[in-house]
Amino acid sequence: MAHSTYPKLLSPLDLGFTTLKNRVIMGSMHTMLEDIPGGIDRLAAFYAERARGQVGLIVTGGIAPNLAGRALPIGHAMDNEEEAEKHRTVTKAVHDEGGKICMQILHVGRYGYSEHNVSASDTKAPISPFPARALTTEEVEQTIVDYVQSARMAQHAHYDGIEIMGSEGYLINQFIVTKINRREDQWGGEYEARIQFPLEIIRRTRAAVGENFIIIYRLSMIDLVKGGSTWEEVIQLAKEVEKAGATIINTGIGWHESRVPTIGTVVPKGGFAWVTKRMMGEVNIPLIATNRINMPDVAEQVLADGCADMVSMARPFLADPQLVQKAIENRPEEINTCIACNQACLDHTFSMQVCSCIVNPRACHETELNYTVAETKKKIAIVGAGPAGLEAALGAAKRGYEVYLYEASNRIGGQFNMAKEIPGKEEYGQTIRYYSTMLAKHNVNVYLNTKANVDLLCKGRFDDIILATGVTPRRVTFEGSDHKNVLTYADVLRDKKPVGKRVAIIGSGGIGFDVAEYLSHDSSHPSVSLDVADYMKEWGVDMQYNQAGALAENGAEPLPSPREIYLLKRSKGKHGKNLGKTTGWIHRSSLAMKKVNMLAEVSYQKMDNQGLHITVGEENRILEVDNIIICAGQEPLNDLHDGLVAAGQTVHMIGGAHIAKELDAKKAIKEAMELVIKL
Ligand code: NAP
Ligand code: SF4
């Protein structure tokens, strides 16, 4: 039985950009707009903009088939016509732009944040504080009915299809593996029986929705947890999924509780496409590759290497809704690239805030944040070409203003120039490339090596002056803190001053962690980022898939750090607790693998030729280090402000120049956008 209603997907490989429209889907991202009052209209605007940007097929964020399947006790389930009719706003908006959209059905099972969690058996997920109880046999049957009803309601809402979420450790996975499913009814036992739960959902859904409805099944091709599926089991499931009536199989990589990073910035680009490639030829329906495919060239390579029939990108469409269009028009250098930081997307979703994007604050705010062309022309000066200044300059130019951007150093990018030096964070350089291209395209006058002063700015007769002068590293003072071996993080990352084999880092915020990461890699290596095989070895993934779950028998095999590193802080508690919600564990694990020594409750006594003298709790210690690197936060750099105000200028401050505390690019770029919209 042929179920494909999407024949273009099956066309022979033609790797020109013009095919990308039909070969790239926008993968599922939960935005939180699904769950807030008025969110549906914003969701419609969000997806419509992506459809206008030429993406062929969109998959929505996960929507529960019933109340028990919701991630949070708030939110909706797609279980009735009234709910379905609300979604017609979304489907119409996408169809009006010539796009197609499928609704993802997601039952979170034991991953829910609720005391009503359910699963295949009594269990508790390591990533939820709430235990889950086993569904009764009748409830399993009802859950299948709910999936089918949800698919029918998606059809009623005019979706083009559904995606059944069968990966990332959610309910369907929980039925498939024995480590969770210990049932004694017909839904437990042998593998053949355990996979009947998803298969029955697909079979009955196909029967209910008819032939002309896309059913994507997201199949966990590599669980990356102990007790996960074997490769033979994964193939068996894929074949059965095809037989049951799926149109397309999408790839799921790792469960959320896995301790192998699968989407973080440390993951090599296209780093998991090899998993989908193993499945090529095993089934006759199209396969989609996923994870860390963030630019057209990566997508093209994945397709050219025969890894998949299509690729899915999710976060890259937050960063740039026009990604496909720019690729089709051969303008990839204009793409605002997803840098895989998770800071404004997944970190937001997992802390119940509306999702957005660090490099594109308009994402999920399309109805609110827009640069309209101004009626009155203005002449604007911007001082500082870090992320805040760059966005301000680009935004002002888009509004039709005459823009002058002054930068004291010899390059644009500010702190991103240091971030891109960190192993695994090279992508930050893409943001600089994007702004560089766009400033030229929008005729911004850029003056490098120009330290703007009050005189220059007054003579320029600007209507508005925006100070985006950024920050300066905070100095710390103790006996010997002016010793020649004491460096700042800027000395190390920006000026490349040599660092010895034994190092103490003072301050363990984001930058302390970054510097520890930088120093724990061998900089003589031509590329400090790892290739795919090295990455899998470093994090303990068995590419031969000899083990169930594909975890290497010997565990992780990290490359040793070339240095002995101490990461120090004065406060109590765990290091890095303020790092990103979804990425902090990666940074902590990475440094633990490199055997970085983390000391808390440290007070700094003095630095001399012996090393750094500290007290840890009650104990006096001497760390015999060659260098100390100060990563103790920043102070604002805003010394132009008062002089300009005194001279009667209209001055605005954004980014770190305004408030250095908890500075990050997310806040800086958003502040710039919000200011320029109002200018
Ligand atoms: P930060 O997060 O404020 O951390 C500064 C560190 O310095 C703290 O650990 C603090 O710890 C210590 N400190 C502060 N004042 C000190 C003093 N007078 N003497 C000695 N130690 C002092 O600043 P940051 O690391 O520079 O990061 C700046 C911003 O960039 C943050 O918002 C951060 O989130 C963001 N960022 C994030 C990442 C990431 O998530 N991977 C990476 C880079 C930057 P104690 O007070 O305990 O000593
Ligand atoms: Fe990508 Fe970061 Fe934007 Fe998320 S916030 S979409 S990871 S650039």
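Structural notes on the pattern of salt bridges
Working step 1: In total, this model carries 33 salt bridges according to the counting rule given.
Working step 2: The partner of Lys 86 in a salt bridge is Glu 83, with the nearest N and O atoms 3.0 Å apart. Of this pair, Lys 86 and Glu 83 both sit in helix 3 (residues 81-86), three residues apart, roughly one helical turn.
Working step 3: Taking relative accessible area as the criterion, Lys 86 reaches 36% and is therefore assigned partly exposed.
Working step 4: Glu 83 gets classed as buried once you look at its relative accessible area, which sits at 9%.
Working step 5: Where salt bridges share partners, they join Glu 141, Glu 200, Arg 203 and Arg 204 into one cluster.

Focus: the sheet that holds strand 22 (residues 611-616)
Working step 1: If you trace the three strands from one edge of the open sheet to the other, you get 21-22-23, paired in antiparallel fashion. Each of the sheet's edge strands pairs with one partner strand only, and the pair in question is strand 21 (602-608) and strand 23 (619-623). Adjacent strand axes in the sheet meet at a mean angle of 20 degrees, parallel and antiparallel pairs treated alike.
Working step 2: When strand 21 meets strand 22, the two strands line up antiparallel, connected through six bridges.

Section: the packing of helix 15 (residues 387-398) against helix 24 (residues 665-678)
Working step 1: Their axes nearest at 8 Å, the elements helix 15 and helix 24 cross at an angle of 25 degrees. Looking at the two axes, helix 15 sits roughly parallel to helix 24. Of the two elements, helix 15 crosses helix 24, and the hand of that crossing is right-handed. Contacts from Pro 387, Ala 388, Glu 391, Ala 392, Gly 395 and Ala 396 in helix 15 reach Ala 665, Ala 668, Ile 669, Ala 672, Met 673 and Val 676 in helix 24.
Working step 2: Classifying every residue of the contact of helix 15 with helix 24 gives ten nonpolar, one polar and one charged.

Points about the nonpolar core
Working step 1: In this structure, Phe 197, Tyr 217 and Leu 219 are the most contacted members of the largest nonpolar core, which totals 152 residues.
Working step 2: Setting aside residues up to four positions removed in sequence, Tyr 217 forms contacts with Ile 164, Gly 166, Ile 172, Ile 176, Pro 198, Ile 202, Leu 237, Val 241, Ala 246, Ile 248, Ile 249 and Asn 250.
Working step 3: One finds Leu 487, Ala 516, Leu 519 and Ile 629 within the second-largest nonpolar core, a separate group that totals 22 residues.

Considering the pairing of strand 23
Working step 1: Inspection of the sheet shows strand 22 paired to strand 23 by five bridges, in the antiparallel sense. Note that in strand 23 the partner of Leu 612 across the bridge is Leu 623.
Working step 2: Here strand 22 folds back onto strand 23 in antiparallel fashion, the turn holding two residues, of which Gly 617 has a positive phi close to 60 degrees.

Digging into the state of the cysteines
Working step 1: All chains considered together, the criterion is met by zero disulfides.
Working step 2: Left without a disulfide partner, Cys 355 is nearest to the cysteine sulfur of Cys 364, which lies 4.5 Å away.
Working step 3: Judged by relative accessible area, which is 0%, Cys 355 ranks as buried.

Some remarks on the sheet that holds strand 26 (residues 651-653)
Working step 1: In space, the five strands of this open sheet follow the order 14-13-12-15-26, with parallel pairing throughout. Sheet topology places strand 14 (445-447) and strand 26 at the edges, where each strand pairs with a single neighbour. Averaged over all neighbouring strand pairs, the angle between strand axes comes to 20 degrees, with direction disregarded.
Working step 2: Looking at chain direction, strand 13 (residues 402-406) and strand 14 are connected through three bridges and run parallel. Bridging from a neighbouring strand, Tyr 404 pairs with Asn 445 of strand 14.

As for the site of ligand 2
Working step 1: Every residue lining ligand 2 is accounted for by Arg 315, Leu 318, Cys 338, Ile 339, Ala 340, Cys 341, Asn 342, Ala 344, Cys 345, Cys 357 and Ile 358.
Working step 2: Residue classes in the shell around ligand 2 are distributed as nine nonpolar, one polar and one charged.

Examining the side chain of His 652
Working step 1: For His 652, the position within the fold is in strand 26.
Working step 2: The contacts of His 652, once residues within four sequence positions are left out, are Asp 464, Ile 465, Ile 466, Leu 467, Leu 675 and Leu 679.

Some thoughts on the packing of aromatic side chains
Working step 1: Scanning the model with the defined rule gives 14 aromatic pairs in all.
Working step 2: Consider the rings of Tyr 147 and Phe 197, whose centres lie 6.2 Å apart with planes at 85 degrees: the pair is edge-to-face. On the criterion of sequence distance, the pair formed by Tyr 147 in helix 5 (residues 137-156) and Phe 197 in helix 8 (residues 196-209) is long-range, its members being 50 residues apart. The same class applies to Tyr 147 as to Phe 197, namely buried.
Working step 3: With a centroid separation of 4.9 Å and 65 degrees between ring planes, the pair formed by Phe 416 and Tyr 428 is classed as edge-to-face.

Some thoughts on the pairing of strand 18 (residues 502-506)
Working step 1: Of all five residues in strand 18, four are buried, a share of seventy percent or more.
Working step 2: The sheet contact formed by strand 18 and strand 19 (residues 564-568) spans five bridges and is parallel. From the neighbouring strand, Ile 506 faces strand 19, where its bridge partner is Leu 568.
Working step 3: Two strands pair when backbone bridges link them, and strand 18 and strand 24 (residues 627-630) are joined in this way by four bridges, in the parallel orientation. Within the sheet, the bridge partner assigned to Val 503 lies in strand 24 and is Asn 627.

Describing the domain arrangement of the chain
Accessible area lost upon the coming together of the parts is a frequently used measure of interface size.
Working step 1: Per the domain assignment, the segments making up the chain are domain 1 (7-16 + 69-314), domain 2 (379-472 + 647-678) and domain 3 (475-522 + 560-632).
Working step 2: Measuring from the centre of the C-alpha atoms in domain 2 to the corresponding centre in domain 3 gives 30 Å.
Working step 3: Taken together, the contact pairs seven residues of domain 2 with ten residues of domain 3.
Working step 4: Both faces combined, the contact of domain 2 with domain 3 buries some 780 Å², and carbon together with sulfur accounts for 68% of it.
Working step 5: When the buried surface of domain 2 facing domain 3 is broken down by residue, Met 418, Ile 422 and Pro 423 rank first, second and third, together holding 59% of it.
Working step 6: For the interface between domain 2 and domain 3, the tally reads two salt bridges.
Working step 7: One can count two residue pairs in polar contact (both at pLDDT 80 or more) joining domain 2 with domain 3.
Working step 8: A breakdown of the residues in the side of domain 2 that touches domain 3 according to their chemical character gives three nonpolar, one polar and three charged.

The rules behind the values
- Residues numbered from 1 in each chain as written.
- Chains lettered and ligands numbered in written order.
- Predicted model: local features only at pLDDT ≥ 70, side-chain atom pairs only at ≥ 80, totals over all residues.
- Heavy atoms only, no water.
- Salt bridge = Lys/Arg side-chain N within 4 Å of Asp/Glu carboxyl O.
- Helix = DSSP H or I, 4+ residues; strand = E, 2+ residues; numbered from the N terminus.
- Buried < 20%, exposed > 50% of the residue type's maximum accessible area, 1.4 Å probe, protein only.
- Pairing = 2+ DSSP bridges.
- Axes fitted to C-alpha atoms, helices over the stretch in contact; angles between N-to-C directions.
- Parallel < 35°, antiparallel > 145°, perpendicular 65-115°, else oblique.
- Left-handed = near helix turned anticlockwise from the far one by under 90°.
- Contact = heavy atoms within 4.5 Å.
- Nonpolar A, V, L, I, M, F, W, Y, C, P; charged D, E, K, R; others polar.
- Core = buried A, V, L, I, M, F, W, Y, C linked by side-chain atoms within 4.5 Å.
- Disulfide = S-S within 2.5 Å.
- Near = heavy atom within 4 Å.
- Phe/Tyr/Trp six-rings, centres within 6.5 Å; stacked < 30°, edge-to-face > 60°.
- Domains from an automatic or database assignment.
- Buried area = accessible area lost by both parts, 1.4 Å probe.
- Polar contact = N/O pair within 3.5 Å; in protein donor to acceptor, adjacent residues only side chain to side chain.

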